[in-house]
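# Structural overview
Each chain, letter by letter, is given below.
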Amino acid sequence: MPTRPPSRARLHRRTSASPTALAVAIAFGILVAACAEPPPPPVEAGIPWTLAQHRARTLSEVAYHTALEIPAEREAPIRGRSRVTFTWSDPERRDVVLDFKDPAERVDTVRVNGTAAAWRAEADHVVLPASVLRPGPNEVELAYRAGDDALNRSDDFLYTLFVPDRAHFSLPVFDQPDLKARVSWELTVPEGWVAVANGPPAGVNPLIPDDLAGASVHPELAEPPGAPPAPGPRRYAFRPSRPISTYLMAFAAGRFQVETGARGGFHFTMYHRETDPDVVARNRDAIFDLHHTALTWLQDYTGLNYPFQKFDFVLLPPFQYGGMEHPGSVFYRQSSLMLDEAPTQADLLGRASLIAHETAHMWFGDLVTMRWFDDVWTKEVFANFMAARIVHPSFPDVDHRLRFLLAHHPAAYGVDRTPGANPVRQPLENLQQAGTLYGAIIYQKAPVVMAHLERTVGEETFRDGLREYLDVNRYGNASWPELVDILDARAPADLASWSRVWVEEPGRPTVRLEIAEPGPEPARILLTQEDAWGRGRRWPQTLELVGAFPGGLERANVALEDGTAEVEAWRGRSPRWVLPTGAGIEYGLFLLEEDPLSALMEDLPALEEAVLRGGAWLLLQDALLEEQVAPRRLLELALATLPGERDELLTGQILGLVGRIFWTLLPEEERQAVAPEVERVLLAGVRSAGSDTGRAAYFQAWTRVVGTPAGVDRLRRIWAGEEEVPGVPLSEAREIQLAEALALRGVADGEAILDAQFARIRNPDRKDRFRFVRPALSADAAVREAFFASLAEPANREREPWVLAALGHLQHPLRRAHGATFVPAGLALVEEIQRTGDIFFPGRWLDALLGNHNTPEVWTTVADFLAAHPDYPPRLRGKILQSADDVRRAARIVYGPDETPAWSVGS
């Protein structure tokens, strides 16, 4: 224990005998004070890196037992008791800091090692004095009111969502990823509710009056199989989990339907709230099959069996994400798994990829977790990278190279082309800012980077390195440099240098392709690599070039290491055009000269390989945004190409491009002029598509652009059931979409249509959502304004998917002028949204707020906001620039550069 200098009173009594004694004592006191440790600094808000480091060094063997009493009334507080055990080894004997939001108001009692303990509340922490602790094992018991911030409560269900640092918003924990713990839950829930949590169930029994949930319910207390449920509240107990990080702690409780399934030795339990038995029957087996496929593939690839005790999952209607990988209790958004009849191919692939992604996290993220959230991308990159492989067997007819290209490059380019681009790996000083790290660079660019790494070291070396990484660090933590070291030892490449530019730096290379005509010198094809940020960086990668020669297409590989490279294999020859993305993983802004670009556009429909057509379309979309190709010209090419396109994935990509050009890149009069032809082509596609999934994709695209009087009249007839769409049955969800589309188009009886649709809805969760978003559909501007103003209150933003849907209605292109009035207040809310919302909410809020705008005035509003806030948090500033970049580009294209203020890349 650090020596403490004596108080002045004690010193005076001890030294008053003589001046000599006093001098000696004073000298001794000065010496002692000099040797003593300075008092520790005040505990900061959030979880700073310095605190996390200290706890990781001094705490181990952590375990949590959490007992919660959940009342039937949503507004009533949830009472909790936690038992936190840990081994303490701190030679400096600093106070131990437990994280818990608003402890002064919510903590009732604290006991340490069986004795009531003095403690203090400090910046959302419970600080335990070192004097009440002992070296070795310690046990802390707390009674408190659980915080609702991370408990997503509805009238008849609730669920936790603790990622990245929100476990302590509701529970007392050490809220950092590298203090893994065994977690056990005990949940007392209202009558008629069921519960699921991380660990396997220990039992369920009726609530014994006045018996607080302090000790585990043992299996022998469970009701015998087949026993009728006892009335009143019920207690569910769950055995300890394997070691997990606090952001993975999870439970859900409520009125859920329960489905079970077994596949190849795996037993699954699915909790859901779908009320239509046909929807459940149509999806249940596919959901179980896809989980089984993912698990068996991952076991084979990693060489490690599934590392947790059970595989339950919960389907939640208002869930903020597509999914969340809690071990033993995976959460999904219900609509992502329970698909409508006749879904699109994108829907089917999206479901399979989502399931594969969350299942991959059991190994990458849950079994081995990043030490700190600066490496959160490592778990996401492998989840997405593995998911792309896992879905192959379930979709043998899909071109999976094209699938990887379209699933990753467009979204990653959407960030990397902007002044707000961020690196894959970002520094993080405090976990309270961890939510700002998430985005397309982590989820979409990083898998492309990993594909480049695998190509560099070889597939077998890459897999063996990952196996070592998982095996050495199982149930523990590791950082990206540790994986680089493992792979570096197995491969000759300098991976540390490679990582610096691809992982540690933002942006993408600009690669210009020049076809030099023959003259005194032979024809040459040159590739010049540039850094748009002006930092002189070079991105090493191998490009698989495809050239169009008189005898057909030819391929050549070029290693792009330095500023310039020549295609030696084609020296002396002059192709009609060159496409630099033959492998489907090449990454950059690839710019062709005018003549080769025009030639590529002419030849594109005839290209046999879907991945080449996909790469060509991405290159053309970049050319559109770089103002090399006029929007009307590219729209006409898309409409002419669609009827002959054979690949449904690529059809979906082209349909999305048609919608984007139609709504944001054409002047209003030009949009009105092309509207009949756009509607005609899309409606023809509904009739002529070769599959129900293709027809659904065309119908969905048609409903998004329809606006001519004849088209709106047909939309109304379809909604009313007076006209059928071949191969596209009207589910309840599709009916709602059509009713919303009619209201947005300002039909005279829009309110009557919304009334009728509300009466039709049978599912209570969909009814609640419709009730929430309806004011945003109103024809009355004052109603829309009042609704937007209500979003300033955090309680009205709790159902984030509903909020985003409503904001999308407010900012629909047909209401663009009125929607622009919401932009200043919407920008002003971003910081608060980051503090109170979940990880994806700030970026998605900004996309919904700005994504449909194309005027210089809205871009100027954004630029003025940033100029007025020079000290704005850098990562949030970056997100604003990311979302606003399309506004800036669209304004330049539609209104001209003279009307649109410039913004330099990297600002």
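Cut-offs applied
Residues numbered from 1 in each chain as written. Predicted model: local features only at pLDDT ≥ 70, side-chain atom pairs only at ≥ 80, totals over all residues. Heavy atoms only, no water. Helix = DSSP H or I, 4+ residues; strand = E, 2+ residues; numbered from the N terminus. Rg over C-alpha atoms; globule rule 2.2 N^0.38 Å. Contact = heavy atoms within 4.5 Å. Areas by Shrake-Rupley, 256 points an atom, 1.4 Å probe, with all protein chains shown as cover. Pairing = 2+ DSSP bridges. Axes fitted to C-alpha atoms, helices over the stretch in contact; angles between N-to-C directions. 1 Å grid on protein atoms, 1.4 Å probe; cavity = no way out; pocket = protein on both sides within 12 Å on 5 of 7 lines; lining within 4 Å. Points joined across faces, edges and corners; volume = space filled by probe spheres on them. Nonpolar A, V, L, I, M, F, W, Y, C, P; charged D, E, K, R; others polar. Buried < 20%, exposed > 50% of the residue type's maximum accessible area, 1.4 Å probe, protein only. pLDDT = per-residue confidence, 0-100. Polar contact = N/O pair within 3.5 Å; in protein donor to acceptor, adjacent residues only side chain to side chain. Patch = residues over 30% accessible without salt bridge, like charges linked within 9 Å, V, L, I, M, F, W, Y side chains within 5 Å. Salt bridge = Lys/Arg side-chain N within 4 Å of Asp/Glu carboxyl O. Lys, Arg positive; Asp, Glu negative; His and termini not counted. Charge placed at Lys NZ, Arg CZ, Asp CG, Glu CD. Arc of directions from axis to C-beta. Parallel < 35°, antiparallel > 145°, perpendicular 65-115°, else oblique. Left-handed = near helix turned anticlockwise from the far one by under 90°.

Helix and strand counts for the protein come out as 32 helices and 29 strands. Scaling as 2.2 N^0.38, a compact globule of 907 residues should have a C-alpha radius of gyration of about 29 Å, and the protein matches this with 30 Å. Principal axes of the C-alpha set define a box for the protein whose edges measure 105 × 70 × 55 Å. Partitioning the contacts of the protein with sequence separation of at least 6, the portion at a separation of at least 24 is 74%. Element-wise, carbon and sulfur atoms account for 52% of the exposed surface of the protein, whose accessible area totals about 35500 Å².

What follows covers the environment of D847. Looking at the element boundaries, D847 is found in helix α30 (residues 841-850). For the pair D847 and D886, spaced 39 residues apart in the sequence, the C-alpha separation amounts to 9.8 Å.

This paragraph deals with the environment of L545. Locating L545 in the fold gives a position in strand β25 (residues 541-549). In sequence terms L545 and N305 are 240 residues apart; their C-alpha atoms lie 41 Å from each other. Look past the residues within four positions of L545 in its chain and what remains in contact with it is L527, E554, R555, A556, V558, V567, W570, V578, L579 and P580.

This next bit is on the sheet that holds strand β9 (residues 151-153). Taken in spatial order, the 4 strands line up as β9-β10-β15-β12 in an open sheet, and their pairing is antiparallel. In this open sheet, the two strands that pair with only one neighbour each are β9 and β12 (194-197). For this sheet, the mean angle separating the axes of adjacent strands, direction not counted, is 10°. Bridge analysis of strand β10 (residues 157-160) against strand β15 (residues 251-254) gives 3 bridges, and the strand direction is antiparallel. Counterpart to F157 in the pairing with β15 is G254.

For the rest of this paragraph, the subject is the layout of surface pockets. When its volume is computed, the second largest pocket comes out at roughly 970 Å³. Residue lining of the second largest pocket: 44 residues in total, with D149, R166, F169, R835 and T836 positioned closest to the centre. Where the lining of the second largest pocket is concerned, the elements lending two or more residues are β9, α5 (167-170), α29 (830-836) and α30. A total of 4 residues in the lining of the second largest pocket trace back to one element, the largest contributor, which is α29. The class makeup of the residues in the lining of the second largest pocket is 15 nonpolar, 11 polar and 18 charged.

The next thing to look at is empty space enclosed by the protein. Applying the stated criterion to the full structure yields 7 cavities of 30 Å³ or more. The space that makes up the largest cavity amounts to roughly 80 Å³. Every residue along the wall of the largest cavity is listed here: L405, H409, Y413, T581, E586, G588, F590, G615, L618, L619 and D622. Ranked by the residues each element gives to the lining of the largest cavity, the list is headed by helix α16 (residues 610-625), at 4 residues.

This paragraph deals with the environment of P522. Inspection of the secondary structure puts P522 in the loop between β23 (509-516) and β24 (524-531). Judged by relative accessible area, P522 falls into the partly exposed class, the value being 41%. In sequence terms P522 and R571 are 49 residues apart; their C-alpha atoms lie 6.8 Å from each other.

In this section: the confidence of the model for the protein. A residue-level look at the protein finds 92% of positions with pLDDT of 70 or above and a mean pLDDT of 91. Counting interchain partners and residues more than four positions distant, the pLDDT-below-50 stretch residues 1-38 has 11 contacts. Contacts from residues 207-226, a stretch scored under 50 in pLDDT, to residues over four places away or in other chains number 39 contacts.

The next point concerns the sheet that holds strand β20 (residues 330-333). Reading across from one edge, β16-β17-β18-β20-β19 is the order of the 5 strands in this open sheet, with mixed pairing throughout. Looking along the sheet, the strands with just one partner apiece sit at the ends: β16 (257-263) and β19 (323-324). Direction of pairing for strand β17 (residues 266-272) relative to strand β18 (residues 311-316): parallel, over a ladder of 4 bridges. Counted as the bridge partner of M270 is F313 from β18. Sheet contacts for helix α8 (residues 345-360): β18, β19 and β20; angle to β20, the most-contacted strand, approximately 155°.

With 4 bridges connecting them, β18 and β20 associate as parallel partners. Within β20, the residue paired with L315 across the bridge is Y332. Sheet topology note: the β19/β20 ladder contains 2 bridges and is antiparallel. Counterpart to M324 in the pairing with β20 is F331.

Before going further, it helps to examine the pairing of β10. Residues F157 and Y159 of β10 are buried on one face, and the alternating residues L158 and T160, pointing to the opposite face, are buried as well. Judged from the 3 bridges that link them, β9 and β10 form a sheet pairing that is antiparallel. In the strand pairing of β10, N152 is matched with Y159. Connecting the antiparallel pair β9 and β10 is a turn made up of 3 residues.

A word on the side chain of N477. Following the sequence through the fold, N477 ends up in strand β22 (residues 476-478). Judged by its relative accessible area of 10%, N477 is buried. At 3.0 Å, the side chain of N477 forms a polar contact with the backbone oxygen of P177. Polar side-chain contacts of N477 include one of 3.4 Å to the backbone oxygen of T369. Residues within four places of N477 in sequence aside, it is in contact with P177, D178, K180, S245, T369, M370 and R371.

This next bit is on a negative patch on the surface. Among the surface-exposed residues, E514, E517, E593, E594 and D595 lie close enough to one another that they form a single negatively charged patch. E594 sits in the exposed class, given a relative accessible area of 65%.

If you check which residues of helix α3 (residues 49-58) are buried, you get L51, A52, H54, R55 and T58. Projection of α3 onto a plane perpendicular to its axis shows the buried side chains occupying an angular sector of 165°, all on one side. More than 90 degrees from the buried face of α3, the exposed residues found are T50 and R57. Along its buried surface, α3 packs onto β1 (59-69), β2 (78-88), β3 (96-99) and β7 (125-128).

Two elements in contact, helix α11 (residues 440-457) and helix α14 (residues 495-502), have axes separated by 12 Å at closest approach and are oriented at 160°. Taken together, the axes of α11 and α14 lie roughly antiparallel to each other. The chirality of how α11 crosses α14 is right-handed. Residue-level inspection shows K445, V449, H452, L453, T456 and V457 of α11 in contact with α14, the latter providing L495, W498 and W502. Looking at the contact of α11 with α14 residue by residue, the class counts come to 6 nonpolar, 2 polar and 1 charged.

What follows concerns unusual backbone geometry. Going from V163 to P164, the amide bond is cis rather than trans, its omega being -5°. For P164, the position within the fold is in the loop between β10 and α5. Not every positive phi belongs to a glycine, and D124 is a case in point at roughly 60°. Locating D124 in the fold gives a position in the loop between β6 (120-121) and β7.

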